[in-house]
Amino acid sequence: MKVAHLQKIPDGDNETMIPVLSSKKASELPVDEVASILQANLQNGLKNCEVCHRRAFHGWNEFDISEDEPLWKKYISQFKNPLIMLLLASAVISVVMHQFDDAVSITVAILIVVTVAFVQEYRSEKSLEELSKLVPPECHCVREGRVEHTLARDLVPGDTVCLSVGDRVPADLRLFEAVDLSIDESSLTGETAPCSKSTAPQPAATNGDLTSRSNIAFMGTLVRCGKAKGIVIGTGENSEFGEVFKMMQAEEAPKTPLQKSMDLLGKQLSLYSFGIIGCCNVICSDKTGTLTKNEMTVTHIFTSDGQHAEVTGVGYNRFGEVMLDGEVIHGYNNPSISKIVEAGCVCNDALIRNNTLMGKPTEGALIALAMKMGLDGLQEDYIRKAEYPFSSEQKWMAVKCIHRTQQDKPEVCFMKGAYEQVIRYCTSYNCKGQTLPLVQQQREKYQQEKTSMGSAGLRVLALASGPELGQLTFLGLVGIIDPPRTGVKEAVTTLITSGVAIKMVTGDSQETAVAIASRLGLYSKNSQAISGEEIDDLDIQQLSQITPKVAVFYRASPRHKLKIIKSLQNNGAVVAMTGDGVNDAVALKAADIGVAMGQTGTDVCKEAADMILVDDDFQTIMSAIEEGKGIYNNIKNFVRFQLSTSIAALTLISLATLMNFPNPLNAMQILWINIIMDGPPAQSLGVEPVDKDVIRKPPRNLKDSILTKSLIVKILVSSIIIVCGTLFVFWRELRDNVITPRDTTMTFTCFVFFDMFNALSSRSQAKSVFEIGLCSNKMFCYAVLGSIMGQLLVIYFPPLQKVFQTESLSVLDLLFLVGLTSSVCIVTELIKKFERSKEKIQKRGSSSSSTSSFLDV
């Protein structure tokens, strides 16, 4: 973190002191001292000559996206990869040998690989460009005593900037005037609740993270309500946004397992694992909007006379109920509860239209509560006479109203806010419709209840009403929380069970973060939670030692998130990181797979990520991991079928030559077999539906080869059976030592049928074809049916008989071939059954002894 210091630069014959001030230091100092350090005039602003002088030192208020080499050069540079050079050489040799089909295939593969690498590099640069777009083009600045409408890039430290509703903050500002100011900092911190701002200096112990610096307006954030003035303390790369920018420039996206395996393939000619998401064994997830709904919701009501009510439903709508002892409370059924709802609804500036909130999330939660009880029309029943707006200093809001139909009656005050502040204005409390004096015993009871609700992670609001401020009747407390998304708890449980650790990384407080983590099953008695300040005190090695037990990282900044990723990767973890704000962009780029939110994510975040969740739902990550594992399994299925069939075909022809047999297949028949090997049956193995049990299996090790011992055994056994069976049919038909069309037709058909049964057994490497379902992969069924129909046409259709030199076979011949060729499927299924039995025995043995794992949360 930068600290306040002074730097000297020559200016003609004189030396002028040029200040540099960090947001942390500025938040601790009084405004007058900040102005003194920055040599600024708060009311009249800087002189134009001084602005030019400071700009010469600090530069423009923008991010320097350096013009690098042109795109075509970057694309060409991707061909320097050793594997690409090797493949290019293979393509040239294929052309020289007139094997043009191979040359085209290799060239297409090269173009795909090169394009993927180029796009990744290009997107990295685009994320920096998107970040620069968050700086507004224009702003209102005070210069030489006048308010000017100027370009934001012209700002320098010491300038005075005016903010109003809808403005995007043009630079880091130390606020010195703030009227009901609320700023949306989600683009920087990822937290959606607008932050109330003030001007008072903050103690150093309370401003460790960005969200706690309530007297600083950060570049790129949005003014939601109120107005303010501030002095510029940081511009361009010297702002907090600039810190993110510099980290993104310095951070190089890690290579995926696919790229790593391709590099090794180029150097060692060995085949390693594909994909990445199926390898993921740690997910670092942002809380707001990903694990939670991102819609503040009242979940608990405590009345001043001691009643506890639970509220169901989520979001800004009327779907849900207020439950008291199992009974639904609606309208004015319970006066104690309805009074709380009335106060929360009337003392409120928010609106909900078509399930869309217009206003502050906390106030939206109170309106939604009124909607669930059918009392949302109460806002229209009162005419507001006066308003005391909320501020971060007083921590309460109050309105003075009269009833629209009872205007002859006295005015009524409604108040909501922090319990400690609201209770100061109360002299009585409501007890079953009666107003009783507020004694110390009741105050202690309410304080205890407020503490209990707060420790559960709820944001607690107190409500009161009465004739005057200072003569209010305490009504009760409501607990508000951003609830977990539906289905996330189940997804988390499934992932943890399968060996994927989930870490919550959030800017929220410890109480809120731990409460949500506990609800989701992320946090248990053995788990730990550490703050961003604690992370600052640890180096990567020290942090790596404790991260396995840490489930929650709270009050985390961009630098903390990056450090967390690095520490996990230092332990050998394959890390996925989710996020939506600019603060997540650096970590998304550094993670093995960055996952951006499609709905709430900033453009910077999306450009830096590898994957975008269109629905922002954590469950989709589980589906992606499931799909990734499924794709990997399908690749293994495809490889097994291709290698076993290819080895069998080559071995068959080689053995026939070595044994002085006539060639069992003619050229056209070999071509047809090659079409089947590379055609629809083989391709359909790539779209085999994902096995629902695959998500429960642990992530695969990056070092594991795709050609495992089990897979090699199945390939060799299948190849041997196909070769032996085909040679047997050829030998059986060749008893007269004269090759006839029938001999080659029987041999040819035998090999094709072997291929079909081999493809059937290749659909899964662990489960029986009956377990996965014979017709579960419709594409495979169509492909095999089409191949068999094609083979029958080759055998029985006279024009094709002449081309392939075949003749018609009897039904008994076909039945004999089906019975023989099914042996490859039967033997493979027996091998699978043996492996499953062996795996069950090993699981029983491992379950009897407890083992610790890196992935324990």
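### Some words on helix 29 (residues 778-796)
Taking 1.5 Å per residue as the helical rise, helix 29 with its 19 residues ought to reach 27 Å, and the 27 Å between its terminal C-alpha atoms agrees with that figure. Within helix 29, the full set of buried residues consists of Phe780, Ala783, Val784, Ser787, Gly790, Gln791, Val794 and Ile795. One side of helix 29 carries all its buried residues, which in axial view fall inside an arc of 140 degrees. Away from its buried face, by an angle of more than 90 degrees, helix 29 presents the exposed residues Lys778, Tyr782 and Leu785. Where helix 29 begins, the capping side chain belongs to Asn777, and its oxygen is found 3.3 Å from the backbone nitrogen of Met779.

### Quick notes on the pattern of salt bridges
Tallying each qualifying case throughout the model produces 22 salt bridges. Among the ionic pairs, Asp376 bridges to Arg318, the shortest N-O distance being 3.5 Å. Pair noted here: Asp376 is in the loop between helix 12 (361-372) and helix 13 (378-381) and Arg318 is in the loop between strand 12 (308-311) and strand 13 (322-324), with a separation of 58 residues, a long-range link. Exposure remark for Asp376: the relative accessible area of 26% places this residue in the partly exposed category. With relative accessibility at 43%, the residue Arg318 sits in the partly exposed group. Between Arg836 and Glu771 there is a salt bridge whose closest N-O contact spans 3.8 Å. Residue Arg836 is located in helix 32 (residues 823-848), and its partner Glu771 is located in helix 28 (residues 769-772); the two are separated by 65 residues in the primary sequence. Residue Arg836 is classed as partly exposed on the basis of its relative accessible area, which comes to 25%. For Glu771, a relative accessible area of 49% puts it in the partly exposed group. Here the residues in one salt-bridge network are Arg732, Glu733, Arg742 and Asp813, joined through shared partners.

### Thoughts on unusual backbone geometry
Trans peptide bonds make up the majority, and among non-glycine residues the majority have a negative phi. Here the phi dihedral of Glu144 falls at roughly 50 degrees; this positive angle occurs in a residue that is not glycine. Considering the arrangement of structural elements, one finds Glu144 in the loop between strand 3 (138-143) and strand 4 (146-151). The class of Glu144 is partly exposed, set by a relative accessible area of 38%. Although it is not a glycine, Asp325 sits at a positive phi angle of roughly 55 degrees.

### Overview of the layout of surface pockets
Computed from the structure, the second largest pocket encloses a volume of approximately 1,800 Å³. Contributing to the lining of the second largest pocket are 49 residues, with Asn633, Lys697, Gln765, Ala766 and Glu839 lying nearest its centre. Of all the secondary structure elements, the ones that give two or more residues to the lining of the second largest pocket are helix 23 (618-658), helix 26 (709-733), helix 28 and helix 32. The leading source of residues in the lining of the second largest pocket is helix 32, at 11 residues. Of the residues belonging to the lining of the second largest pocket, the class tally is 12 nonpolar, 16 polar and 21 charged.

### Considering the packing of helix 23 against helix 27 (residues 741-761)
In a pair of packed helices, the angle between the axes and the distance between the axes together describe the arrangement. For the pair helix 23 and helix 27, the least separation of the axes is 9 Å and the interaxial angle reads 155 degrees. With respect to helix 27, the axis of helix 23 lies roughly antiparallel. Viewed along their axes, helix 23 and helix 27 form a crossing whose handedness is right-handed. Taken together, the residues of helix 27 that come into contact with helix 23 (itself represented by Arg640, Phe641, Ser644, Thr645, Ala648, Ala649 and Leu652) are Phe751, Asp755, Asn758, Ala759 and Ser761. When the residues that make up the contact of helix 23 with helix 27 are grouped by side-chain class, the tally is six nonpolar, four polar and two charged.

### Details of the sheet that holds strand 25 (residues 528-531)
One key point about sheets: their strands pair by backbone hydrogen bonds, in either a parallel or an antiparallel sense. Ordered by their spatial adjacency, seven strands build an open sheet running 25-26-24-10-27-28-29, and the pairing between neighbours is parallel. The open sheet has two edge strands with one neighbour each: strand 25 and strand 29 (611-613). In this sheet, neighbouring strand axes are inclined to one another by 20 degrees on average, regardless of whether the strands run parallel or antiparallel. As defined by bridge partners, strand 24 (residues 501-505) adjoins strand 26 (residues 550-554) across two bridges and the pair is classed as parallel. Note that in strand 26 the partner of Met504 across the bridge is Val552. Sitting on the sheet, helix 17 (residues 510-520) is in contact with strand 24, strand 25 and strand 26, with an inclination near 145 degrees to strand 26.

### Topic: the state of the cysteines
Taken as a whole, this structure holds zero disulfides when the rule is applied. Left unpaired, Cys141 is separated from the closest cysteine sulfur, that of Cys139, by 5.8 Å. For Cys141, a relative accessible area of 0% translates into the label buried. Note on Cys279: no disulfide assigned, nearest cysteine sulfur contributed by Cys280 at a separation of 8.8 Å. A relative accessible area of 0% places Cys279 in the buried class.

What counts, and at which threshold
- Residues numbered from 1 in each chain as written.
- Predicted model: local features only at pLDDT ≥ 70, side-chain atom pairs only at ≥ 80, totals over all residues.
- Heavy atoms only, no water.
- Helix = DSSP H or I, 4+ residues; strand = E, 2+ residues; numbered from the N terminus.
- Expected span 1.5 Å × (residues − 1).
- Buried < 20%, exposed > 50% of the residue type's maximum accessible area, 1.4 Å probe, protein only.
- Arc of directions from axis to C-beta.
- Polar contact = N/O pair within 3.5 Å; in protein donor to acceptor, adjacent residues only side chain to side chain.
- Salt bridge = Lys/Arg side-chain N within 4 Å of Asp/Glu carboxyl O.
- 1 Å grid on protein atoms, 1.4 Å probe; cavity = no way out; pocket = protein on both sides within 12 Å on 5 of 7 lines; lining within 4 Å.
- Points joined across faces, edges and corners; volume = space filled by probe spheres on them.
- Nonpolar A, V, L, I, M, F, W, Y, C, P; charged D, E, K, R; others polar.
- Axes fitted to C-alpha atoms, helices over the stretch in contact; angles between N-to-C directions.
- Parallel < 35°, antiparallel > 145°, perpendicular 65-115°, else oblique.
- Left-handed = near helix turned anticlockwise from the far one by under 90°.
- Contact = heavy atoms within 4.5 Å.
- Pairing = 2+ DSSP bridges.
- Disulfide = S-S within 2.5 Å.

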